[in-house]
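# Tertiary structure, described
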Amino acid sequence: MSDARRHDMDDLLAIMTRLRDPQNGCPWDVQQDFSTIAPYTIEEAYEVADAIDRKDWHDLRDELGDLLLQVVFHAQMAKEASLFEFSDVAHAISEKMLRRHPHVFGDERYDDLDAQKQAWDDIKAAERAAKGEEHDDSALAGVSRGLPEWKRALKLQERAARVGFDWPDEQPVLDKLLEEVGEVRAEFANGRDTHRLQDEIGDVLFVVVNLARHANVDFSQALRHANAKFERRFRAMEQLAHADGKPLPEQDLASQEMLWQRAKQQEKPVA
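This write-up is about the structure you can find in this document.

Another aspect to go through is the overall build of the protein chain. For the protein chain, the count of helices and strands is twelve helices and zero strands. Across the protein chain, helices and strands are ordered from the amino to the carboxyl terminus as α-α-α-α-α-α-α-α-α-α-α-α. At 25 Å, the protein chain has a C-alpha radius of gyration far larger than the 18 Å of a compact globule built from 271 residues. Seen through its C-alpha atoms, the protein chain measures out along the principal axes to roughly 60 × 55 × 45 Å. For the protein chain, buried positions account for 23% of its 271 residues. Accessible area of the protein chain: about 19,300 Å², with a carbon and sulfur share of 55%.

Below, the discussion takes up helix 8 (residues 149–162). With 14 residues, helix 8 extends 20 Å from end C-alpha to end C-alpha; this agrees with the ideal 20 Å at 1.5 Å per step. Looking at helix 8, one finds that the buried residues are Arg152, Ala153, Leu154, Gln157, Arg159 and Ala160. In this fold, the buried residues of helix 8 make contact with helix 7 (113–130) and helix 10 (194–214). Downstream of helix 8 by one or two residues, Gly164 has phi in the positive range, about 95°.

Before going further, it helps to spend a moment on the nonpolar core. Ala236, Met237, Leu240, Ala241, Leu248, Leu259, Trp260 and Ala263 together form the largest nonpolar core, which totals eight residues. Mapped onto this core, the elements with two or more residues apiece are helix 11 (219–244) and helix 12 (253–267). Looking at which element gives the most residues to this core, the answer is helix 11, with four residues. Once residues within four sequence positions are removed from consideration, Ala263 is found in contact with Arg233, Ala236, Met237 and Leu240. Counting seven residues, the second-largest nonpolar core is a separate cluster that includes Met16, Phe73, Ala75 and Phe86.

What follows concerns helix 11. Compared with an ideal rise of 1.5 Å per residue, which puts 26 residues at 38 Å, helix 11 spans 37 Å between its outermost C-alpha atoms and is within 8% of the ideal. Turning to helix 11, its buried residues are Phe219, Ser220, Arg224, Arg233, Ala236, Met237, Leu240 and Ala241. Buried residues along helix 11 sit against helix 3 (34–54), helix 8, helix 10 and helix 12. Between the side-chain oxygen of the N-cap and the backbone nitrogen of Ser220 there are 3.0 Å, and the N-cap of helix 11 in question is Asp218.

Rules and cut-offs
- Residues numbered from 1 in each chain as written.
- Predicted model: local features only at pLDDT ≥ 70, side-chain atom pairs only at ≥ 80, totals over all residues.
- Heavy atoms only, no water.
- Helix = DSSP H or I, 4+ residues; strand = E, 2+ residues; numbered from the N terminus.
- Rg over C-alpha atoms; globule rule 2.2 N^0.38 Å.
- Buried < 20%, exposed > 50% of the residue type's maximum accessible area, 1.4 Å probe, protein only.
- Areas by Shrake-Rupley, 256 points an atom, 1.4 Å probe, with all protein chains shown as cover.
- Expected span 1.5 Å × (residues − 1).
- Contact = heavy atoms within 4.5 Å.
- Core = buried A, V, L, I, M, F, W, Y, C linked by side-chain atoms within 4.5 Å.
- Polar contact = N/O pair within 3.5 Å; in protein donor to acceptor, adjacent residues only side chain to side chain.

And the structure:
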């Protein structure tokens, strides 16, 4: 559809209303509900992060649009169910930002970032109390269970660190990582019990998140970089194997490892 006029938020809302129309809309869109759309919402958020990581600003614009569409989709379904509308979503987040930033929109002043973070947590606690949620005075109160587990691990660690439960630097974290890897090795040697391995591997992952925190490294970004590196090198392996006249699946692991090393060498800058 071509239109010289620039589309705005009202247009997007109207488009989603039409897509969801039972008689004249898109059959796929009409069949969706909150639970079926939720995975796409999460996926689009990761696509935004990926575009930022690649510094592809044109793609970022498009991915932000895809993410916005997810919000509009959920709001339209809520409107159909007489739960709330998009305007209610905009109002709610505006009210929240005003409430949580009294130092910007009010007269509150904080001495430093730590004081601001503490005030933020206090405001959120007051919000939970206003909703009638059960009082929880734990330092871990309010850490969402809907977060990706690595992110939840990071949040839990940060909360514990605020009350002093934290290692002073990265060295004891590295020592703990070696200890946890040793326990995984022991479980493999002692019968490979699935539940025990799940427990021990979980401990390793939790410590790795902690290590990234102490290194001031974004865990998600580090993993995205590792995934991109693996994909790049594996594709190079496939190309090398094709050039050698022997496809990758026809080669044994030792030969494939040699191709992997060749792929790595190709990435190294020439001195």
